[in-house]
Each structure stands twice: as C-alpha cells, then as structure tokens.
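# Secondary and tertiary structure notes
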Amino acid sequence: MSNFSELVPERIRALPSYVPGKSIKQAEEETGIKAVKLASNENPLGPSPLAERAMEEAAHTIHLYPDNDAAELKQRLAAAHSLDPENILVTAGSTPLLDIIARTLLGPGLNAITSERSFIVYPIVTRSTGAEFRTVPMKDDTYDLDAIAAAVDANTRLIFLANPNNPTGTIVDAAALDRFLDRLPDHVIVALDEAYYDFAAYFARERGIEYSHSVDYVRQNRNVVVLRTFSKAQGLAAARAGYGMGPAELMGYFARVRTAFMVSGVAQAGALAALTDHDHYERTMRNNLEGAKYLLSGLRQMGYHPVETWSNFIYCEVGESASAVGARLQQEGIIIRPLTGSWGAPTAIRVTIGTRQENERFLLAFKKVMQASAAAK
Ligand SMILES: Cc1ncc(COP(=O)(O)O)c(C=O)c1O
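Nothing here was measured: the structure is a model prediction, and the numbers come from that model.

### Brief notes about the domain arrangement of the chain
Each assigned domain of the chain is listed with its residue range as follows: domain 1 (21-41 + 279-376) and domain 2 (49-276). Placing a centre on the C-alpha atoms of domain 1 and another on those of domain 2 gives a separation of 26 Å. Taken together, the contacts link 28 residues of domain 1 with 28 residues of domain 2. The largest contributions to the domain 1 side of the interface with domain 2 come from Met285, Trp310 and Trp343, which together make up 34% of the buried area. Counting the contacts that link domain 1 with domain 2 gives two salt bridges. One salt bridge in this structure joins Glu206 and Lys293, with 2.9 Å as the shortest N-O distance. Scanning the region where domain 1 abuts domain 2 turns up eleven residue pairs in polar contact (both at pLDDT 80 or more). The set of elements that each furnish at least two residues to the side of domain 1 that touches domain 2 consists of helix 14 (278-301) and strand 9 (313-317).

Next comes the structure, spelled out in structure tokens:
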C-alpha cells in the first residue's frame, strides 16, 4: 500500500473535518433515551407537504438523469427575484456553492477573509484551494465590517459574510452592508451567505428595520454573490437544494466548476413545489418567532444572556465547558450544538428553535443540568 500522506498535499492533510450535529439515531444509541435534535437548525415542522408530494411523484423517474441546469427552477427563481436566469445557479444546497466559489476564485498566494465565530465550512473550502484563511474579531457578537475592510489586501479575492451569522444569530443591516460594499476594491467578491434570510426578514418586519436588499446588488452587477438554501425555511435539508444569485459572467464560471447532475430531479421537484407552499412557510415563520421569544425569555429568567436572534437558533454563553453541558443535555434526551473546535466558542452553545413542546423540553433539561452543575461546584 502507498504512503498516502506523501501523495496527499499538506493543505488537504491539514484540513479540519466538518463535524455535523449529532444525529438522533446516534444520540439514542449512546443514551438509550428518546432524543430531540436541536443541533442543526433544521425545520422543526418538517418539510413542506407540497414538496413532499412532489418529491414522491418525482421518485418515479429517478432512473433518468436530472436536468443539469435545473432550468425550470432557475426560471422560477429568476422571476421571483426579478433577475435573469443567467444570474442564478442552482446547486445541491449552499455548501457546495461555497466550495465552487472558493475553487473558482482562490488558490495559493490569495486569501479569503471572514469573521471569527462564523460558519465552519468557510475555512475548509478556503484552505482546500491552498489559499490563506483570515479571520478578524467580532464586535458585540456581530461581524465587524470595519475590521474586515481593514484586513483586505492586494491578494484578497473573497469575503465570506454570513447574514444572519451562524452561530451567533446576529445580522449586519442593509445600510451597514451598503457602506461596506462601497469601500471594497474591485478585486474582491463578497459571498453573502443568506441561508437564514427568511427568518431574518420576518424578524425585521416585526422589529421595523431594513435587514437586507441583497438582490439589488445582483441587479446592479456588484461584486456580490448571494447564497440561499431550501434546507431551512422550506425544510428540505436532506434533499439538497440551494442557489446563488450574482453577476451573469461569474455565475457562468461557477457553472463550469459545478459537478454535472449535482442537483437530483427529486430535489428540483421538491424545491419548485416548496416555493408555492405559502402555508408551510407562514407556519414555520410564526413558530420561529414565538419560539425565539419563549426561549430567550426562559434563558434570561435563569440568569443567562442569550444573544438576540435573527435566525432559527439561539447562541448562549454557558460559562463552562459547552461539551460537558452538551453531554449532560444528551443524557436528558436533548441534542444541542456545543460551539467547540472550529466554531471558536468553547463555553457557548447553539440551540435550534424547535416546536413549542421541544422548546419546553429543552428549557426544563437545561435548567436541570445547569442547576446540577452549580450544586456540584
Ligand atoms: C451560514 C450557513 N450557510 C450555509 C449553510 C448550508 O446549508 P445547505 O448546504 O444545507 O444549503 C448553513 C447550514 O447550516 C449555514 O449555517
């Protein structure tokens, strides 16, 4: 057998693995206790029923290769956003699109910049190209756009900006982003990751602010690629469908890098149907809004300071090892995300907003394990 470590470049050997949230099956096998998963920001109401039906139907033709270009979905998305189809690229969720963007724009000698405590896929896709990955500190649990702008140099090609950010759930508003984009040189592209767009837009309506007008940047042909996904609001995380919106020429280059037949016919059918499911969408948003208020107030009553969320999860400092808290919660049948390792917040947890019943279960379990920990000190 070859010595593979000699064949695989150092930049690949040094990559951290992406560690997903623990699955319900794995947690239940470990504890023997029925588990609730609040670890991966999935939709607690399940998939859009219209999407589910469309996907069952599409399964009958799964022996045929899908439309490589997802033309119907692309058309529908273009019409919904008043863009040309050439401005859209459909991918198998937004994670592969992050990888495509990095592979297209980065390489040895170049760099990408983002904030600390942001999405853990950014360092992986950047470093796998041989480029340097730079992070700057946050300000008040939010992206510090001034610090990012100051870190840009002649070799910067990409800025990853998660808005809302995962894991802190915070946003930069539309006016702040406008000012930031005006400051960037022409050799820098912003990957504006709006995986949680729908939740933030819903909160923004309630809170009376302008959160994002990202699609305007695309209409103006700015150096911005907006990433959206069907994994969250539409509840299609396992189907794998997402898309990017950006300058037509750039999207054309990304299309060359995208693997052929990346988005299954089942996923395309599900995504198309989900776009018409206003009832599921509204129920999802209302559940999230009410769940956010309930969890934030419950955690505050216990003396914690969770960060105000603009998304479908809550970030909370727990003042001790988050892994230990996560392990104790698992014993109570609750899976959350300890923000250790690449997440960069070893004493903080992220909990996905669930159904009312799941949220109640989480708060009860959290109170129990934190009181037990305080008593043991
Ligand atoms: C900030 C952010 N971007 C992108 C994604 C990727 O989602 P998907 O690949 O399912 O579209 C996630 C998923 O959790 C995320 O949190």
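Next, the rest of the story.
### Topic: the site of the ligand
The immediate surroundings of the ligand are formed by Gly93, Ser94, Thr95, Phe119, Asn166, Asp193, Ala195, Tyr196, Thr229, Ser231, Lys232 and Arg240. A distance of 2.7 Å separates an oxygen atom of the ligand from a polar side-chain atom of Asn166. A distance of 2.8 Å separates an oxygen atom of the ligand from a polar side-chain atom of Arg240. Here the ligand has 400 Å² of accessible area as a free molecule, and 93% of this is covered by the chains. Each residue belonging to the shell around the ligand can be placed in one class, and the counts come to three nonpolar, six polar and three charged.

### Some details on the packing of helix 15 (residues 322-331) against helix 16 (residues 356-376)
Where helix 15 contacts helix 16, the two axes come as close as 9 Å, and the packing angle between them is 125°. Accordingly, the angle class assigned to the pair helix 15 and helix 16 is oblique. Taken as a pair, helix 15 and helix 16 cross one another with a handedness that is right-handed. Where helix 15 abuts helix 16, its residues Val325, Arg328 and Leu329 lie against Phe362, Ala365, Phe366, Val369, Met370 and Ser373. For the contact of helix 15 with helix 16, a count of residues per class yields seven nonpolar, one polar and one charged.

### Topic: a nonpolar patch on the surface
Residues Met1, Phe4 and Leu7 make up a contiguous nonpolar surface patch of about 440 Å² in total accessible area. With respect to the secondary-structure elements, Leu7 resides in helix 1 (residues 4-7). On the accessibility criterion, Leu7 (57% relative accessible area) is exposed.

### Describing the environment of His305
Within the secondary structure, His305 is located in the loop between helix 14 and strand 9. Since its relative accessible area comes to 68%, His305 is described here as exposed.

### A few points about the sheet that holds strand 3 (residues 111-115)
The mixed open sheet is built from seven strands, whose spatial order is 2-8-7-6-5-3-4. Strands with a single pairing partner mark the edges of an open sheet, and in this sheet they are strand 2 (88-91) and strand 4 (132-136). Going from strand to strand, the sheet's axes swing by 20° on average, the running direction of each strand aside. One ladder, built from four bridges, connects strand 2 with strand 8 (residues 242-245); its direction is antiparallel. Across the sheet, the residue bridging to Leu89 is Gly244, located in strand 8. Strands strand 2 and strand 8 of the sheet are contacted by helix 5 (residues 71-80), whose axis makes an angle of about 130° with strand 2.

### What to know about the pairing of strand 4
Relative to strand 4, strand 3 is paired through five bridges, and the arrangement is parallel. In the sheet register, Ser115 faces strand 4, and the bridge partner there is Val136.

Definitions and cut-offs
- Position numbers for residues count from 1 along each chain, tracking the sequence in the order it is written.
- Reporting in this predicted model follows two pLDDT cut-offs: at least 70 for local features of residues, and 80 or more for side-chain atom pairs to be given and counted; totals over whole chains, interfaces and linings ignore these cut-offs and use all residues.
- Just so you know, side-chain values use all the structure's heavy atoms and leave hydrogens and water out.
- By convention here, the domain bounds are inherited from an automatic or database domain assignment.
- The criterion used for residue contact is that any of the two residues' heavy atoms lie within 4.5 Å.
- The quantity reported as buried area is the accessible area (1.4 Å probe) lost by two parts once they are put together, taken as the sum for both.
- A carboxyl oxygen of Asp or Glu within 4 Å of a side-chain nitrogen of Lys or Arg is what we treat as a salt bridge.
- Two N or O atoms form a polar contact when they lie within 3.5 Å of each other; inside protein one atom must be a possible hydrogen donor and the other a possible acceptor, and for residues adjacent in sequence the pair counts only when both atoms belong to side chains.
- Put simply, DSSP marks the helices as runs of H or I at least four residues long and the strands as runs of E at least two long, and each gets a number from the N terminus on.
- What makes a residue near a molecule or strand is one non-hydrogen atom of that residue sitting within 4 Å of it.
- For the area figures, the Shrake-Rupley method with a 1.4 Å probe applies, and any residue is considered shielded solely by the protein chains shown.
- Residues are grouped as follows: Ala, Val, Leu, Ile, Met, Phe, Trp, Tyr, Cys and Pro are nonpolar; Asp, Glu, Lys and Arg are charged; every other residue, Gly included, is polar.
- Working convention: axes come from line fits to C-alpha atoms, limited for helices to the stretch in contact. Angles between N-to-C directions cover 0 to 180 degrees.
- Small angles under 35 degrees read as roughly parallel and large ones over 145 as roughly antiparallel, with 65 to 115 read as roughly perpendicular and the rest as oblique.
- Crossings are sorted by hand: turned counterclockwise from the far helix by less than a right angle, the near helix makes the crossing left-handed, and turned clockwise it makes it right-handed.
- Without a salt bridge and with relative accessible area above 30%, a residue can belong to a patch; like charges are then joined within 9 Å and nonpolar side chains (Val, Leu, Ile, Met, Phe, Trp, Tyr) within 5 Å.
- Partly exposed residues are those whose accessible area sits between 20% and 50% of the maximum for their type, while under 20% is buried and over 50% is exposed, using a 1.4 Å probe and protein chains only.
- Strands are labelled as partners when DSSP assigns at least two bridges between them.

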